[in-house]
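One-letter residues, chain by chain:
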Amino acid sequence: MSEKGGLQLPPAPIALVAPSYEHKFVEVMAGLASGKLAPPAKSGGRILWLDHWDGSARTYDVVQGVAIIPVAGVLLQEFPVIGWEYATGYNCLRLQIAQAMADPEIKAVVLWINSGGGEVSGCFDLVDWIVAAKAAAGKPVVAILDEMAYSAAYAIASAADTLTVPRTGGVGSIGVVMMHVDYSKILDEWGIKLTFIFAGKHKVDGHPYAELPEEVKAVWQAECEDIRQLFAATVTKHRSAAGTAIDIKAVLDTEAATFSSPSALAAAVKLGLADDIMAPLDALAAVIRQSTAAPV
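Residues numbered from 1 in each chain as written. Predicted model: local features only at pLDDT ≥ 70, side-chain atom pairs only at ≥ 80, totals over all residues. Heavy atoms only, no water.

## A word on the packing of helix α3 (residues 123-137) against helix α6 (residues 214-241)
To keep it simple, the criterion reads: Only the stretch in contact is used when fitting a helix axis, every axis being a line fitted to C-alpha atoms; angles between N-to-C directions are given from 0 to 180 degrees. Starting at the N terminus, helices and strands are each numbered in turn, a helix being any DSSP run of H or I of at least four residues and a strand any DSSP run of E of at least two. Each angle is binned into one of four classes, with values under 35 degrees roughly parallel, values over 145 roughly antiparallel, values of 65 to 115 roughly perpendicular, and all other values oblique. We call a crossing left-handed when the near helix sits turned anticlockwise from the far one by less than a right angle, and right-handed when that turn is clockwise. Contact definition: two residues touch when any of their heavy atoms are within 4.5 Å. Lys, Arg, Asp and Glu make up the charged group, whereas Ala, Val, Leu, Ile, Met, Phe, Trp, Tyr, Cys and Pro make up the nonpolar group; the residues left over, Gly among them, are polar.
Contact geometry for α3 and α6: axes closest at 11 Å, N-to-C directions at 15 degrees. Of the possible angle classes, the one that applies to α3 and α6 is roughly parallel. Judged by the sense of rotation from one axis to the other, the crossing of α3 with α6 is left-handed. Counting all contacts with α3, which are made through Phe124, Val127, Asp128 and Val131, the residues of α6 involved are Ile227, Leu230, Phe231, Thr234 and His238. Of the residues belonging to the contact of α3 with α6, the class tally is six nonpolar, two polar and one charged.

## Considering a negative patch on the surface
Threshold: Exposure above 30% relative accessible area and the lack of any salt bridge qualify a residue for a patch; like charges then connect within 9 Å, and the nonpolar side chains Val, Leu, Ile, Met, Phe, Trp and Tyr within 5 Å. Exposure was quantified through the Shrake-Rupley algorithm and a 1.4 Å probe, taking into account, for residues, occlusion by the shown protein chains and nothing else. Here, a salt bridge means any side-chain nitrogen of Lys or Arg that lies within 4 Å of a carboxyl oxygen of Asp or Glu. A residue counts as positive if it is Lys or Arg and as negative if it is Asp or Glu; His and the chain ends are not included. Where a charge lies is defined by one atom per residue type: Lys uses NZ, Arg uses CZ, Asp uses CG and Glu uses CD.
There is a patch of like negative charges on the surface, built from Asp182, Asp205, Glu211, Glu214 and Glu215. Along the chain, glutamate 214 falls in helix α6.

## A closer look at the environment of aspartate 276
Stated precisely, the cut-off is as follows: Burial status follows relative accessibility: with a 1.4 Å probe on protein chains alone, a residue under 20% of its type maximum counts as buried, one over 50% as exposed, and anything between as partly exposed.
Within the secondary structure layout, aspartate 276 lies in strand β15 (residues 276-277). Overall, aspartate 276 belongs to the partly exposed group, its relative accessible area being 35%. Sequence separation of aspartate 276 and alanine 100 is 176 residues, and the distance between their C-alpha atoms is 25 Å.

## A word on the pattern of salt bridges
In total, this model carries seven salt bridges according to the counting rule given. Across the salt bridge formed by aspartate 103 and arginine 58, the nearest N and O atoms sit 2.8 Å from each other. A residue pair is termed long-range when its members are at least 10 positions apart, and aspartate 103 in the loop between α2 (90-102) and β9 (108-119) and arginine 58 in the loop between β4 (48-49) and β5 (61-63) qualify at 45 residues. A relative accessible area of 10% places aspartate 103 in the buried class. The exposure class of arginine 58 is partly exposed, given its relative accessible area of 36%. Close ionic contact of aspartate 161 with lysine 134 constitutes a salt bridge, the shortest N to O distance being 3.2 Å. Note that aspartate 161 is positioned in the loop between α4 (152-157) and β11 (162-165) and lysine 134 in helix α3, a separation of 27 residues in sequence. The exposure class assigned to aspartate 161 is partly exposed, which follows from its relative accessible area of 27%. Look at lysine 134 and you get buried, because its relative accessible area is 12%. Linked through salt bridges whose partners overlap, the residues forming this network are Arg58, Asp103 and Glu105.

## Considerations on the nonpolar core
This is how it is decided: Take the buried residues of types Ala, Val, Leu, Ile, Met, Phe, Trp, Tyr and Cys, join any two whose side-chain atoms come within 4.5 Å, and each joined set is a nonpolar core.
Counting residues in each nonpolar core, the largest one holds 54 residues, and the members touching the most others are Val109, Leu111, Ile113, Ile156, Val171 and Leu273. Looking at this core element by element, the count peaks at six residues for α4. With 17 residues, the next largest nonpolar core counts Tyr21, Ile47, Val74 and Tyr150 among its residues.

Structural data, given as structure tokens:
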């Protein structure tokens, strides 16, 4: 566990991120851990630190009875800041959505999403909780993409009653990635030799100071596949509950592909990964009209 400037970040050896977003994920995680990338130190404007929040003020913007909750940047299991473009915490999303569901003035919740994904830890628990929370409150949740929802962000979007994506946006990447870094050649060049003294055969599996053993790689590969199956099942379950014709085989057959061109997005809609291709502001206007016409 690393701690810098009030931020506590666990290591993230396994992630739900799109291929084009992996470098961003690594950069943000490294920047947060080192303290070189950090949100403003104090709450102000659109930034809210949880330890500065007294529990009374709204943690989201409201437009004509619709709560707007951003899902932006790298998605993390625990993050102490709301409203920062570089990272969003699952813990913050849970807090914001719970507050909106309990707010008598809120008729609908919009997840305003622009993220290439994030951590596995906490993601699927949040998705299932969102589905339960909207059912308990009787309030719709709408996913409006501005521009993309890949991997972990798409898992969250799949919990919504409807999902729209702009024609230049993207959805998908229903897969899992792990990364192993081998520093052994650098250590050799520096004349450094490491010796691990440990108890338990698997205690140092996958350490970064030697080539990854094939048997460890096989275990990690199986873990990735297990989580991919969970991901596909989650998407299928919640998108089906929202009235979309989709099946788990079709989701798995995407092989974690991203859908990010007009023709690909049309295919995503046909597959059931999205409901419509629509500009974000147009989608928001539609939500406002529907929520105004149908009181909660």
